[in-house]
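# Breakdown of the fold
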Amino acid sequence: MNVRFFSLRKREKEVFDFIDKQLSLTIEAVDHLNTSLRYLKMLDFEAFKRNYSEIDCLEKKADDIHRKIVEEICKGAFFGGIREDLLNMLEKVDNISDSAKDSAKILLLRKPEDKIINYIFANDDLMDFFSNCFMAVKELKGVINGLEKGKNFAFEHISTVEEYEEKADELKARVLNRIFEKAEEFNLVSVMQFKDFINIADNIADNAEDASDIVLILIAKGYS
Amino acid sequence: MPYIVLLALLIAFVFGWNNSGLFKGSLTSSGLLSYRKSTILISLGLVLGALMEGSKMGKALIGSITENTTNIALLIVLITTFLLMLSFTIFHIPVSLSHVSVGAYVGANFAIGLSLNTANLELIILSWLLVPVFSALITILIYNFIARIAQRFSLLTLDAFNRLAVILIVFYINYALGANNVGLIKGLYMPLINDPVLLELMTIFMAVSAALGIITFGKRITKVVGEDLIVLSPIRVLTSMFSSALLMWLFTQFGIPISMTQAVIGGIFGAGLAKRYVMFNRAMLYEVIGSWIAITTISFILSMLIMKVFM
């Protein structure tokens, strides 16, 4: 009986291992975005470009794994009642690496002038914003891995994801305000580029929070 | 006799079409087992239930409500049961084989003036009234126990538990249905077949016929009973289904025919009440309760009228 019972978990365990891989790649992609920003701060646009190709590669790998997981779930892994929520959660995780890539792509379209870069990086708000996005994703990994360990483990991390997301939101507003305060002094295209870059990057933390909210739904459905 | 045998097989087919769709749906919609495997599991449950414990229902009608009956009365009971089961099933209304056949049996025998054992009849009706209540209570008890244990599980273990439980419970439900409901119909043709081998073969054919009914048309009734009535989590659905099967099996031990639909609905409410909040479709509930009373009454009247025509 026990052997049969645990063999029922095999396929699902494999899916969870894949989810873990997808999350690791996503975290790496967001981390590379942080590195890219450091290059930008140093006005090294070539290094920024090189680093983008790393983000692009990681996003593709995460995407492939996401597709594999979706296939497994559609083939019948997991109980019917939670499949839809799992797929939604994975979609949110996939959106994180997409956002990391898309935001970097905005700055890649054209090199913003040094003046605006120096102005934006004059304080740490933008770097802090990205640190919070990164931490939100890292905590999300804890939330999702927690599903393998028990609901209390997941609960501990869910509130932390939310805290990071709120902090990221606050910092985003501060950075945007700062940019638009002196918008007339810069090239308008560069201003719009940074505005789009920050808005898209903000989706990293938003999607991490959305994914952790879905974990709450999974817990509510599964354990009630 | 050939007509009676044919009618019994047809009733089993319509019974499978109407009732057991509920339980096949759990397997196929959750994607747990393939269509073929779930069909085998259900058929196995029905056949084993009918073969191993179906004879306990042998005296549920003949020998309980009346001392004896006539062949023509038996024919009328089977015709009425078949016609009503078929009509309600065509209109996608879950109908209880026990209600229809007991109503028809009382009607036909009442028409020919046979004395009815009212004490036993009252016992059956009382059981019908108590089944949803018992089912709700058992579900609350089992749910509270399972939900407490489940808190310690990881989502993976819980998921595995749910999937294993669905397979076992669906088998058990069909086993109980085979024993109680297929056994009830078996009790109607039992006096006409003296050969014990033929009798067992006939039981297998009945169960296979019911399984064919499930395979062919099961899905629509599933939705009426399960999805449209109430919103529940997997653990609650599973505990309500298990309680229903357990209750039907217990009543089989006393030879009392009961309705799985009634038990399931009681169980579903029990599962909802266990957490004090529940979203249910009131109109759908009234429709189902109304149909229980109406079906038994219609079955009684129809059977009596047909009997009068034949007399």
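Definitions and cut-offs
- Residues numbered from 1 in each chain as written.
- Chains lettered and ligands numbered in written order.
- Predicted model: local features only at pLDDT ≥ 70, side-chain atom pairs only at ≥ 80, totals over all residues.
- Helix = DSSP H or I, 4+ residues; strand = E, 2+ residues; numbered from the N terminus.
- Buried ≥ 20, exposed ≤ 12 C-beta atoms within 10 Å, placed from the backbone.
- Contact = placed C-beta atoms within 7 Å.
- Core = buried A, V, L, I, M, F, W, Y, C linked by C-beta atoms within 7 Å.
- pLDDT = per-residue confidence, 0-100.

### Comments concerning the overall build of chain B
A count of helices and strands for chain B gives 12 helices and 0 strands. Going from the N terminus to the C terminus, chain B shows its helices and strands as α-α-α-α-α-α-α-α-α-α-α-α. A burial count over chain B gives 57% of its 311 residues as buried. Pairs at least 24 residues apart make up 90% of the contacts formed inside chain B by residues separated by at least 6 positions.

### Topic: unusual backbone geometry
One non-glycine residue, Leu43 of chain A, lies in the positive phi region at around 60 degrees. Accessibility expressed as a C-beta count within 10 Å gives 14 for Leu43 of chain A, which makes it partly exposed.

### Here we look at the nonpolar core
Soluble globular proteins: nonpolar side chains tend toward being buried together. In terms of nonpolar packing, the biggest core is built from 96 residues, with Ile11, Met85 and Ala210 of chain B touching the most fellow members. With 15 residues, helix H7 (residues 155-189) of chain B is the single largest residue contributor to this core. One finds Leu90, Phe130, Val143 and Phe194 of chain A within the second-largest nonpolar core, a separate group that totals 68 residues.

### Quick word on the confidence of the model for chain B
Residue and element names in this part refer to chain B. Looking at chain B as a whole, the pLDDT averages 83, with 87% of positions reaching at least 70. Averaged over each element, pLDDT in chain B is lowest for helix H9 (residues 219-227) (46) and highest for helix H5 (residues 97-111) (93). Counting contacts from residues 220-230, a segment whose pLDDT is below 50, to residues more than four positions away or on other chains yields 33 contacts. Here the predicted complex carries an ipTM of 0.71, next to a pTM of 0.78.

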